[in-house]
Amino acid sequence: QVQLVESGGGLVQAGGSLRLSCAASRSIFSRNTMGWYRQAPGKQRELVAAITSGGTTNYADSVKGRFTISRDNPKNTVYLQMNSLKPEDTAVYYCNARGVYGNVLGSWGQGTQVTVSS
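Residues numbered from 1 in each chain as written. Predicted model: local features only at pLDDT ≥ 70, side-chain atom pairs only at ≥ 80, totals over all residues. Heavy atoms only, no water.

Enquirer: I'd like a description of the overall build of the protein chain, backed by residues and values.
Expert: Along the protein chain, the regular secondary structure elements total one helix and 10 strands. For the protein chain, the N- to C-terminal ordering of α and β elements is β-β-β-α-β-β-β-β-β-β-β. A compact globule built from 118 residues should have a C-alpha radius of gyration of about 13 Å, and the protein chain, at 13 Å, falls within 12% of that. Along the three orthogonal principal directions, the C-alpha set of the protein chain runs to about 40 × 25 × 25 Å. Residues classed as buried in the protein chain amount to 42% of the 118 residues present. Of all intrachain contacts in the protein chain linking residues separated by at least 6 positions in sequence, the fraction that spans at least 24 positions is 53%. (Helix = DSSP H or I, 4+ residues; strand = E, 2+ residues; numbered from the N terminus. Rg over C-alpha atoms; globule rule 2.2 N^0.38 Å. Buried < 20%, exposed > 50% of the residue type's maximum accessible area, 1.4 Å probe, protein only. Contact = heavy atoms within 4.5 Å.)

Enquirer: Which residues make up the pairing of strand S8 (residues 77-82), and what are the values?
Expert: For S8, a buried count of five out of six residues is recorded, marking the element as mostly surrounded by other parts of the structure. In terms of strand pairing, strand S3 (residues 18-24) meets S8 through six bridges, oriented antiparallel. Across the sheet, the residue bridging to Leu20 is Leu80, located in S8. Pairing of strand S7 (residues 67-72) with S8 involves six bridges; the strand directions are antiparallel. Paired with Phe67 across the bridge in S8 is Met82. (Pairing = 2+ DSSP bridges.)

Enquirer: Give me the lowdown on the nonpolar core, citing residues and values where you can.
Expert: Residues Met34, Trp36, Phe67, Val78, Leu80, Met82 and Tyr93 are the most contacted members of the largest nonpolar core, which totals 27 residues. Elements supplying a minimum of two residues to this core: S3, helix H1 (26-29), strand S4 (33-39), strand S5 (46-51), S7, S8, strand S9 (91-98) and strand S10 (112-117). (Core = buried A, V, L, I, M, F, W, Y, C linked by side-chain atoms within 4.5 Å.)

Enquirer: Residue-level account of the state of the cysteines, with values.
Expert: Overall, the coordinates contain one disulfide when judged by the stated rule. The disulfide partner of Cys22 is Cys95, and the gap between their sulfur atoms is 1.7 Å. Sign of the S-S torsion, about 45° for the bond between Cys22 and Cys95, identifies this disulfide as right-handed. Linking Cys22 in strand S3 with Cys95 in strand S9, this pair joins segments that are 73 residues apart in sequence. Across the pair, Cys95 and Cys22 agree in class, each one buried. (Disulfide = S-S within 2.5 Å.)

Enquirer: Describe the environment of Gly106, naming the residues involved and giving the relevant values.
Expert: Mapped onto the secondary structure, Gly106 falls in the loop between S9 and S10. Separated by 42 residues in sequence, Gly106 and Lys64 have C-alpha atoms that sit 25 Å apart. Non-local contacts of Gly106, meaning those with residues more than four positions away in its chain, are made with Gln3, Ile28 and Asn96.

Enquirer: Explain the environment of Thr56 residue by residue, including any values.
Expert: Among the structural elements, Thr56 can be located in the loop between S5 and strand S6 (57-59). Among the residues examined, Thr56 registers a relative accessible area of 52% and is labelled exposed. The spacing of Thr56 and Thr33 is 23 residues in sequence and 9.1 Å in space, taken between C-alpha atoms. Excluding residues within four positions of it along the chain, Thr56 makes contact with Ala50 and Ile51.

Purely geometric numbers; function is a separate question.
Here's what the structure looks like:
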């Protein structure tokens, strides 16, 4: 059973924008905090942004003011609007449900590649 499907990545020049989408199974989406993560080559996967079921958001310092996370509960979908992209934002982006201890609750999807050229 596929739980998480990310889409929307691509190649963009520095300063550009992209909007990522993540379609999730209802079982993993409903009532859970959802997060966007990224993994750059040679680096550990890191949390970029998270949103609770009630809409409270938080962001990594590196993306504050540039990225916006949102969710559409009836559609079981979470989005990441990325503006003013920088080359250091280049990574594979994933979404997942986030437990109360910061653990992930679902199996990782295939992710979506974001490449920002300078």
